[in-house]
Amino acid sequence: MSIFKFKQFKINQDRCAMKIGTDAVLLGAWASIKHHPFSILDIGAGTGVLALMLAQRSSAEVIDALEIDDNAYEQCVDNFEHSVWADRLFCYHASLEEFVDEIDDQYDLIISNPPFYSEDFKTDNQQRDTARFQDAMPFAHLLAGVSKLLSEAGEFSVIIPYQEEANFIGLAATFKLFPNRLTHVQGNPNSEIKRSLIRFTRTETMSEKTHLIIETGRHQYTDDYVTLTKDFYLNM
């Protein structure tokens with residue numbers, strides 16, 4: 001499906017290796033905006049879906065995105081320009097390292113759905129691999145960038161595989177970033193925990209741990225999942 005339609009915007013994704021998936025929608029809906037961020041950064045934007053979701057949800061005046069892949073960057077810009085929030089959205093074509101070196105600004109909310117598949121899963125499609133694989137942007141590289149770009153009272157929200165959670169939290173601590181909100185995600189009541197949604201701040205206080213089950217049967221979505229995503233999905 002080359003066009004993915006949400007309630008208030010649509011995403012063209014024919015030029016992007018990574019199509020719209022549950023992870024991105026979960027993160028875009030879950031990330032807190034209670035601290036009323038003025039500026040938001042999406043690291044590894046792909047189609048731009050996270051930035052667009054945050055544009056719909058928040059009144060942030062600056063919503064920047066960062067994308068290194070040529071095709072994904074062009075697609076992200078195109079999706080931004082065709083949205084009603086085009087004046088608040090901007091995509092940079094650069095690596096995180098280049099961006100950190102060139103930008104002095106800091107952001108009140110940073111969001112990322114990073115690549116996290118290991119070497120074992122590599123395919124013959126290099127663009128898709130770059131989008132998916134951790135070696136395209138290792139966790140340490142991501143966290144180092146976040147630690148420099150996050151404002152003092154800012155928040156960093158991320159979705160990662162559950163099995164990477166302890167490693168990621170330990171690594172984040174070395175950059176003085178600490179989890180204060182954590183949600184474990186299961187596909188259904190009988191499946192293993194698959195994802196961890198984590199919010200980090202510069203203050204060491206764990207305030208909230210929750211659990212989210214997506215569906216009880218095929219397309220039988222739980223009330224929690226519907227409540228979380230109903231502002232975006234057409235059929236929710």
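Residues numbered from 1 in each chain as written. Predicted model: local features only at pLDDT ≥ 70, side-chain atom pairs only at ≥ 80, totals over all residues. Heavy atoms only, no water.

S.K.: Looking at this model, I keep getting lost on the sheet that holds strand E8 (residues 178-186). Mind explaining?
M.R.: Whether parallel or antiparallel, the strands of a sheet pair through hydrogen bonds between backbone atoms. One open sheet accounts for eight strands, arranged E5-E4-E3-E6-E7-E9-E8-E10; its pairing is mixed. Every other strand in the sheet has two partners, leaving strand E5 (89-93) and strand E10 (208-213) as the edge strands with one partner each. In this sheet, adjacent strand axes meet at a mean angle of 15° when their direction is disregarded. Where E8 lies against E10, six bridges are found, and the strand directions are parallel. Within E10, the position partnered with Gln186 by the bridge is Ile213. Along the sheet, helix H3 (residues 70-81) contacts strand E4 (62-67) and E5; its crossing angle with E5, the most-contacted strand, is approximately 170°. Sitting on the sheet, helix H7 (residues 165-174) touches strand E7 (150-161), E8 and strand E9 (193-201), and the angle it makes with E9 is about 15°. (Pairing = 2+ DSSP bridges. Helix = DSSP H or I, 4+ residues; strand = E, 2+ residues; numbered from the N terminus. Axes fitted to C-alpha atoms, helices over the stretch in contact; angles between N-to-C directions. Contact = heavy atoms within 4.5 Å.)

S.K.: What should I look at first to understand the packing of aromatic side chains in this one?
M.R.: Aromatic ring pairs: the centre-centre distance and the angle between the two ring planes describe each pair. Tallied over the entire structure, the rule returns twelve aromatic pairs. Between Phe156 and Phe200, the ring centres sit 5.9 Å apart and the planes meet at 25°, which makes this aromatic pair stacked. Taken as a pair, Phe156 in strand E7 and Phe200 in strand E9 lie far apart in primary sequence, 44 residues in all. Residues Phe156 and Phe200 agree in their burial class; the two are buried. Ring pairing ties together the aromatic residues Phe4, Phe6, Phe9, Trp85, Tyr221, Tyr225 and Tyr233, which thus form one cluster. For the cation-ring pair, Arg181 lies above Trp30, with the distance from its terminal atom to the ring centre recorded as 4.0 Å. (Phe/Tyr/Trp six-rings, centres within 6.5 Å; stacked < 30°, edge-to-face > 60°. Buried < 20%, exposed > 50% of the residue type's maximum accessible area, 1.4 Å probe, protein only. Lys NZ or Arg CZ within 6 Å of the ring centre and 35° of its normal.)

S.K.: Help me understand the pairing of E9, please; the structure alone is not making it clear to me.
M.R.: Side-chain direction in a regular strand flips from residue to residue, so the side chains alternate between the two faces of the sheet. Within E9, seven of the nine residues are buried, which leaves the element mostly enclosed by the surrounding structure. One ladder, built from six bridges, connects E7 with E9; its direction is antiparallel. Across the sheet, the residue bridging to Ile159 is Leu197, located in E9. Inspection of the sheet shows E8 paired to E9 by eight bridges, in the antiparallel sense. Along E9, the bridge assignment pairs Pro179 with Phe200. What sits between E8 and E9 in their antiparallel hairpin is a turn of six residues.

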